Amino acid sequence: MSVLDQLNGSGLYLICGGIVLIIAVICVIFLVRAWRAGKALGMDTVKMKRAITSSATFSLLPSVGILLGVLALSGSLGIPWPWLRLSVIGALHYETQVASAAAEQVGITLSPEAMTTQAFSTIALLMSVCIMWGMILTTIFNRKYVKKLQGKDPEKKTGGGFGDLAMIAMFIGMVSAYLGSYLGGFVSGNGRFTFSGDWTPLLVAAVAALAMAGFTWLAEKKHWEWLDNFSIAGSMLLGMLSAVLVGH
Amino acid sequence: MNTNQKMNSEKYEAYLKATHRLGRAVSLLTLVMLLGAPFLIGGLLGTMPDIGAAARGFLSVGLVWTVSSIVEYLVYTPMLGAGGSYLAFITGNLINMKIPCAMNARELVDAKAGTPENEVISTLSIATSSLVTIVVLAAGVALMIPLRPVLESPTLQPAFANVVPALFGAMAYKYFRKDVRLAAVPLLCMTLLFMFVPSLTSSTSFMIIPSGALAIGLSWLKYRKARKEAQQ
């Protein structure tokens, strides 16, 4: 039996699948609690349903992208472990990088030919250790940090303070960093100011933004409010389609 | 504060307290499961992890991720609220999914930061998003053999390679139109920075910090000016 066959064995599926199942149950518990709390606080259930529907449609396409990460790692780490990693704490950009670095430390390259069972268990441990800090910080500090963020200012609890503007500004900063990287990548990606870098991310972002403008116009001017729930997913789909059409 | 508001406030405080208790318990449980799994798998395969190699690996890549995790925690928790942050840090994929997803949901229902409504909506959003990912991945793993040719199809590769640009393009329109002048400054600064220092493109997730700080600083100046004008 090859190492990859062992890594795809039923025992690993059972361990990883069991953990994924527990995480799914935790998500359901949080979902139900939040729903009940919302109702108890007198929140509009239509709004809560809308938040759930839009989040579900929003997450579909990125989830397929994450599935590709499982596929990419399955060649060297088998299917169950990447499945677990990308369902729990993992992040697409993180897993491959740490898996490669871990493989380097155990003296192999991340490939099915070089993989050994000990290399695998060491890589698996390092992948878990490197990304657990966010969870540790929430466990230790979240209560005090959230309390501090809410403050005692009654204006904040009704959303009238600077908090809301700060959150929007932070998000604008985040989007700017990514769009800036696409523009910079095109202009200087193959040498400073050569304008020969990859332009596909720019095109995709522009098409998605234009599609979003179209969806927003339909929702606001034609009063197709239901479209709001699907506008991000629809815009992303059109943006991604443009990448297929240009074939980059 | 009237009786109704006081009752709601008490209910909300009780909910938050219970959320922190539950959040800490499930985070610890996840931590134990994640750290225990490599040893359990090692036992099953007959070879335990090499702790020395794992420690060396941690020193070479882990420290960077530790710093990144601290920054992520400080920056994203205000966006996610209590319940949302526990769940998001358990289920991961924050930048490429959970944060934009929660922001989109609160935007749709017009929930304001720091309010009980925002806390509830954010938790509903992150829980739903996590469940969708879990279901898609589980279905994908179950159907891995028939799906593999489709997912690996050269025609569809460009689409899957550009999920994040598509997401941020759509979100850019949604957020930039709220304050075009505010958005122009960090966008211009970041573009120039990436043009002059192209190697930074591999550290885009770190560049969110200065870009976000700049946008928050500008927003604060605008807020203070508006408040002064309102007082006069």
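Remember, predicted model here, so these are calculated numbers, not experimental data.

Turning our attention to the interface of chain B and chain A. Across the contact, 133 residues belong to chain B and 134 residues belong to chain A. Sort the elements by how many residues they give to the side of chain B that touches chain A and helix 2 (residues 51-91) of chain B lands first, with 26 residues.

In this section: the environment of Pro78 of chain B. Position of Pro78 of chain B relative to the elements: it lies in helix 2. Here Pro78 of chain B falls in the partly exposed class, since 19 other C-beta atoms lie within 10 Å of it. Beyond its immediate chain neighbours, meaning those up to four positions away, Pro78 of chain B contacts Leu149 and Met167 of chain A.

What follows covers helix 7 (residues 133-150) of chain A. For helix 7 of chain A, the principal kink sits at Phe141 of chain A and spans about 70°. Residues of helix 7 of chain A that are buried include every one of Trp133, Gly134, Met135, Leu137, Thr138, Thr139, Asn142, Val146 and Gln150 of chain A, and no others.

Turning our attention to the nonpolar core. Core analysis: the biggest nonpolar cluster contains 157 residues, and Ile123, Leu126, Val175 and Ala208 of chain A together with Ile90, Leu124 and Ala170 of chain B have the highest contact counts within it. With 17 residues, helix 9 (residues 163-188) of chain A is the single largest residue contributor to this core. Residues from two domains meet in this core; each of domain 1 (3-149) and domain 2 (152-246) of chain A gives at least three.

Along the chain, the position of Val129 of chain A falls in helix 6 (residues 117-130). Residue contacts for Val129 of chain A: discarding those within four places in its chain leaves Ala54, Phe58 and Gly62 of chain B.

Bringing helix 6 of chain A into the picture now. All names here are of chain A. Between its terminal C-alpha atoms helix 6 stretches 20 Å, which fits the 20 Å expected from 14 residues at 1.5 Å a residue. With 12 of 14 residues buried, helix 6 lies mostly within the body of the structure. When helix 6 is considered as a whole, its buried residues turn out to be Ala119, Phe120, Ser121, Thr122, Ile123, Ala124, Leu125, Leu126, Met127, Ser128, Val129 and Cys130.

Below, the discussion takes up the packing of helix 3 (residues 45-77) of chain A against helix 4 (residues 116-142) of chain B. Contact geometry of helix 3 of chain A with helix 4 of chain B gives a least axis separation of 7 Å together with a crossing angle of 40°. Here helix 3 of chain A runs over helix 4 of chain B; the crossing is right-handed. Across the contact of helix 3 of chain A with helix 4 of chain B, the residue classes tally to 16 nonpolar, eight polar and no charged.

Here we come to the domain arrangement of chain A. Residues and elements named next belong to chain A. Domain annotation of chain A identifies domain 1 (3-149) and domain 2 (152-246). Computed over C-alpha atoms only, the centres of domain 1 and domain 2 are separated by 25 Å. Across the boundary between the two partners, domain 1 contributes seven residues, which contact six residues of domain 2. Of the residues contributing to the side of domain 1 that touches domain 2, the split by class is three nonpolar, three polar and one charged.

The next point concerns unusual backbone geometry. Positive phi, close to 55°, is recorded for Phe193 of chain A, a residue that is not glycine. Relative to the elements of secondary structure, Phe193 of chain A occurs in the loop between helix 9 and helix 10 (200-221). When the 10 C-beta atoms within 10 Å are taken as the criterion, Phe193 of chain A is described as exposed. Unlike most non-glycine residues, Asp110 of chain B shows phi in positive territory, near 60°. Secondary-structure assignment places Asp110 of chain B in the loop between helix 3 (94-108) and helix 4.

Conventions and cut-offs
- Counting restarts for each chain, with residues numbered from 1 along the sequence as it is written.
- Written order determines the labels here, with chains lettered from A and ligands numbered from 1.
- Side-chain atom pairs in this predicted model are given and counted only at pLDDT of 80 or more, local residue features only at pLDDT of at least 70, and totals for whole chains, interfaces and linings cover all residues.
- Contact criterion: two residues are in contact if their C-beta atoms, reconstructed from the backbone, are within 7 Å.
- Under the DSSP-based scheme used, a helix requires at least four consecutive residues in state H or I and a strand at least two consecutive residues in state E, with every element numbered from the N terminus.
- Partly exposed residues are those whose C-beta has more than 12 but fewer than 20 other C-beta atoms within 10 Å; with 20 or more the residue is buried, with 12 or fewer it is exposed, and the C-beta atoms are placed from the backbone.
- Bend, in this description, refers to the angle at a residue between axes fitted to the seven residues ending there and the seven starting there.
- By definition, a nonpolar core groups buried Ala, Val, Leu, Ile, Met, Phe, Trp, Tyr and Cys residues that are joined through C-beta atoms within 7 Å.
- Each domain span listed reflects an automatic or database assignment of domains.
- One less than the number of residues in a helix, times 1.5 Å, gives the span that helix is expected to have.
- The angle between two axes is taken between their N-to-C directions and runs from 0 to 180 degrees, where each axis is a line fitted to C-alpha atoms and a helix contributes only its stretch in contact.
- Crossing handedness is defined as follows: a turn of the near helix away from the far one that is anticlockwise and smaller than a right angle gives a left-handed crossing, while the clockwise case is right-handed.
- Basically, the charged four are Asp, Glu, Lys and Arg, the nonpolar ten are Ala, Val, Leu, Ile, Met, Phe, Trp, Tyr, Cys and Pro, and anything else, Gly included, counts as polar.

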